[in-house]
Amino acid sequence: MSSDDTVISLLTSLIQTTSTSEHEQEIARFLDTHLTNLGYTVERLPIAKDSTRENVYAYLGTQRKTRVCLTSHMDTVPPYIPLRIEGSTIYGRGACDDKGPMAAQICALEQLRAEGVASEGDVGLLFVVGEEKGGPGMLAANNQELSFEGVIFAEPTEGKLVTGHKGHLVFEVIGEGKACHSGYPQRGVNANIALVEALNDLTKTELPSSSLLGPSTFNIGKIEGGVSYNVVPETSKALCAVRVATDMDGIKKIVSGTVGRHTNVRLEFKFEYPETLLDHDVEGFETAPVSYGTDVPRLKGDHKKYLYGPGSILVAHGDNEQIEIGELVEGVRAYKKLVKHLLKFSTE
């Protein structure tokens, strides 16, 4: 089997293995078996005591500590979309986010092994759960005795080396009213109206911008409220987020101040991570910032951070998720180049 056929075959197997967020057990078992058969030492690391969700960490020989780490996330967003191949395009859930990049990483390391570039103690593979839903896998990795000199994170970046990405501030705006018959609305307080007024104010609020990452942007992701058309609603809520280009503290103050101007609503911050600047000191790559978030800021440590992957984020999470075979094959070459750069860098 040619090297191109190898990465295509691996990706098709990965897509055929379902792994939506919180249901990654099957793909963890697949990766364990696949990497063990290739000669790696494989550890399946529960993300919490008694958890059935496990990160997969693989390395060569008995040297658990490696200088470089290639890492991807195992989970995908729902729903599962089955594999199909049409011409030079591979379709299916995870094709570009993040199973295509994962397949390219594994095949890149296999080629580096065959070329004698990577051996015991050089490169490890870390595959984590839950990136699409709060990042519990990468957060758990901080407690799994892992540290590296350089980490290459995989996401679909259109083959570009990323200079930085936005952070995320996730929060809920909650309307608190008083229910009554809709024929006599003056006897109650409409939680939906209170919520909508606050949200409308947020959509008009100016947020800080960055010369590198562009504007911070606000999104209303999910709204719930009320029980029926003939009842003044007592409760409502909206799950919202800001993609943070700069000044997380300032944005939190802006959000708090804006919501605070309204009655019958309150604010709950859910989670956050700041904007992230990335290493991109490798020749031969086109560079660009991205607006989406990744696991990069969740992995703590004084390591160099690279973000690269084949495929486009613009088709990720959609019903037409796809990757071009040419992009996938180029991804293998690019990951090899990044690993070689790091191995050389860390010996200087």
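Residues numbered from 1 in each chain as written. Predicted model: local features only at pLDDT ≥ 70, side-chain atom pairs only at ≥ 80, totals over all residues. Heavy atoms only, no water.

**Q** Looking at this structure, how should I read the pairing of strand 19 (residues 304-308)?
**A** Along a regular strand, successive side chains alternate from one face of the sheet to the other. In terms of residue burial, strand 19 counts as a mostly covered element, since 4 of its 5 residues are buried. Relative to strand 19, strand 7 (residues 150-154) runs parallel, the two sharing 5 bridges. Of the residues in strand 19, the one forming a bridge with G150 is K304. (Buried < 20%, exposed > 50% of the residue type's maximum accessible area, 1.4 Å probe, protein only. Helix = DSSP H or I, 4+ residues; strand = E, 2+ residues; numbered from the N terminus. Pairing = 2+ DSSP bridges.)

**Q** Any chance you could explain the environment of E149 here in plain terms?
**A** Mapped onto the elements, E149 comes out in the loop between helix 4 (136-141) and strand 7. Assessed through its relative accessible area of 41%, E149 is described here as partly exposed. It is 28 Å that separates the C-alpha atoms of E149 and F30, two residues lying 119 residues apart in sequence.

**Q** When you look at the environment of M102 in this model, what are you seeing that I'm missing?
**A** Positionally, M102 belongs in helix 3 (residues 99-114). Classification of M102 by relative accessible area gives buried; the value is 0%. For the pair formed by M102 and G309, sequence separation is 207 residues and the distance between their alpha carbons is 8.8 Å. Leaving out residues up to four positions away in the same chain, M102 has contacts with L14, L31, S72, H73, M74 and F127. (Contact = heavy atoms within 4.5 Å.)

**Q** Honestly, helix 5 (residues 191-203) in this entry has me stumped. Any pointers?
**A** Along an α-helix, a turn takes 3.6 residues, which lines up residues three or four apart on a common side. Compared with the 18 Å implied by 1.5 Å per residue over 13 residues, the 18 Å span of helix 5 between its first and last C-alpha is a close match. Residues of helix 5 that are buried include every one of A191, A194, L195, A198, L199, D201 and L202, and no others. Taken around the axis of helix 5, the buried residues stretch over an arc of 155°, which confines them to a single face. Between the side-chain oxygen at the start of helix 5 and the backbone nitrogen of N192 there is a gap of 2.9 Å, and the oxygen is on N190. (Expected span 1.5 Å × (residues − 1). Arc of directions from axis to C-beta. Polar contact = N/O pair within 3.5 Å; in protein donor to acceptor, adjacent residues only side chain to side chain.)

**Q** Would you mind showing me how to read the UniProt feature "domain: Peptidase M20 dimerisation" (unreviewed entry) in the protein chain here?
**A** Summarizing the sequence annotation, UniProt attributes the feature "domain: Peptidase M20 dimerisation" (unreviewed entry) to residues 163-249 in the numbering used throughout. The span residues 163-249 is 17% helix and 46% strand, and its two end C-alpha atoms sit 22 Å from each other. (UniProt positions renumbered as here; feature names shortened; annotations may be inferred.)

**Q** Explanation requested: empty space enclosed by the protein in the structure shown.
**A** The rolling of a water-molecule-sized probe over the atoms marks out the regions of remaining empty space. A complete count under the given rule lists 2 cavities of 30 Å³ or more for this structure. Computed from the structure, the largest cavity encloses a volume of approximately 60 Å³. Taken together, T71, S72, H73, D98, V128, M138, F153, A154, E155, T294 and D295 form the lining of the largest cavity. Within the residue set of the lining of the largest cavity, elements represented by two or more residues are strand 3 (68-73) and strand 7. (1 Å grid on protein atoms, 1.4 Å probe; cavity = no way out; pocket = protein on both sides within 12 Å on 5 of 7 lines; lining within 4 Å. Points joined across faces, edges and corners; volume = space filled by probe spheres on them.)

**Q** Is there a simple way to explain the environment of V123 in this structure?
**A** The residue V123 is located in strand 6 (residues 123-128) in this model. The class for V123 is buried, based on a relative accessible area of 2%. When the C-alpha atoms of V123 and L343 are compared, they prove to be 8.8 Å apart, with 220 residues separating the residues in sequence.

**Q** When you look at the layout of surface pockets in this model, what are you seeing that I'm missing?
**A** Here the largest pocket is characterised by a volume of approximately 620 Å³. Along the walls of the largest pocket sit 20 residues, with E131, E132, K133, R243 and H317 positioned nearest its centre. Taken as a whole, the second largest pocket holds about 240 Å³ of empty space. Lining the second largest pocket are H168, V170, N219, G221, K222, L239, C240, A241 and R243. Secondary structure elements with two or more residues in the lining of the second largest pocket: strand 9 (167-176), strand 13 (217-225) and strand 15 (235-244).

**Q** I keep staring at the sheet that holds strand 13 and nothing clicks. Help me out?
**A** Strand pairing within a sheet occurs via backbone hydrogen bonds; the two strands may be parallel or antiparallel. Spatial ordering of the open sheet is given by 13-15-9-16, a layout of 4 strands whose pairing is antiparallel. Because the sheet does not close on itself, it has two edges, and the strands there are strand 13 and strand 16 (265-273). Direction aside, the axes of adjacent strands within the sheet are offset by 20° on average. Bridge analysis of strand 9 against strand 15 gives 10 bridges, and the strand direction is antiparallel. If you follow F171 over to strand 15, its bridge partner there is C240. Sheet contacts for helix 5: strand 9, strand 13, strand 15 and strand 16; angle to strand 15, the most-contacted strand, approximately 15°. Docked against the sheet, helix 6 (residues 248-260) engages strand 9, strand 15 and strand 16, running at close to 165° with respect to strand 16. (Axes fitted to C-alpha atoms, helices over the stretch in contact; angles between N-to-C directions.)

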